[in-house]
Amino acid sequence: MAKGALKWDEDTKRLYSVGVDRGVLYVMGEAGKYQDGVAWSGLTKVSESPEGAESNKKYADNRVYANIISTETFKGTIEAFYSPKEFDQCDGMAEITKGVMATQQTRKKFGLCYRTLIGNDTDGTDHGTEIHLVYGATASPSSKDRETVNESPEPAALSWSFDTEPINVTGMKPTAHIVIRSTEVEKEKWTKLEEALYGKGDTGTGTEPKLLLPDEIKTLLQ
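Summary of the structure given here. Just so it is clear, the structure is predicted and the values come from calculations on it, not from any experiment.

The subject of this paragraph is the pattern of salt bridges. The final tally for this structure, using the stated rule, is 13 salt bridges. The partner of D21 in a salt bridge is R115, with the nearest N and O atoms 2.7 Å apart. With a gap of 94 residues between them, D21 in strand β1 (residues 16-27) and R115 in strand β9 (residues 110-120) connect regions that are remote in the sequence. Here D36 ties to K210 by a salt bridge, and the two come within 2.5 Å at their closest N and O atoms. Of this pair, D36 sits in the loop between β1 and β2 (38-40) while K210 is found in the loop between α1 (187-198) and α2 (214-221), placing the two residues 174 residues apart along the sequence. For D36, a relative accessible area of 33% corresponds to the partly exposed category. For K210, a relative accessible area of 40% puts it in the partly exposed group. Shared partners join several salt bridges into a network, and the residues in it are D11, R14 and D121.

We now examine the side chain of H177. Examined against the element boundaries, H177 turns out to sit in strand β14 (residues 177-181). At 3.1 Å, the side chain of H177 forms a polar contact with the side chain of H132. If we ignore the near neighbours within four places in the chain, the residues touching H177 are E48, F74, Y114, H132, L133 and V134.

What counts and how
- Residues numbered from 1 in each chain as written.
- Predicted model: local features only at pLDDT ≥ 70, side-chain atom pairs only at ≥ 80, totals over all residues.
- Heavy atoms only, no water.
- Salt bridge = Lys/Arg side-chain N within 4 Å of Asp/Glu carboxyl O.
- Helix = DSSP H or I, 4+ residues; strand = E, 2+ residues; numbered from the N terminus.
- Buried < 20%, exposed > 50% of the residue type's maximum accessible area, 1.4 Å probe, protein only.
- Polar contact = N/O pair within 3.5 Å; in protein donor to acceptor, adjacent residues only side chain to side chain.
- Contact = heavy atoms within 4.5 Å.

Below is the structure:
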């Protein structure tokens, strides 16, 4: 059905994305199951750096016979002023005894949740949010700068690069990154999603935060 001429920059439709907050770490435990989530405070930046999906042309009969696209991979970088204690095991550290850590140990895989804000020209950043879920991540060794305190001290900026292994999604290709937009989900279902990912109620009496898999999210939001 015809919709008439295109229009640009209409009221309420000038959308943008900004910010990052509500970081949650889910360390992978035994049998590939994610442990309960822990809050990641001090998160300053998450860079998404997908790779692959490159064209690989094959020629025959003096022309392009096939154009094979390479597999796409999802990787990125986490930046923060600090990391939760639970992330130590993902950063190659293990406790020798209480308060004593050894580095260069086996790095555990983890899942990550973070939120970005959706703004528009009328609501500002209250327009909506996006929840990002990352699966099967492995952090790489990273450098850390230790600087003396001077007249302009700043907290150390920490950074971790990570690669991922995609997981299965029914009816689709495997993925390591899911994006969920509040502007396209019913409010009641969005509340249930947040309660599942962030937990609900008081510690010890409520529900613990869990990393939902793609098929579980589909079931919850359908």
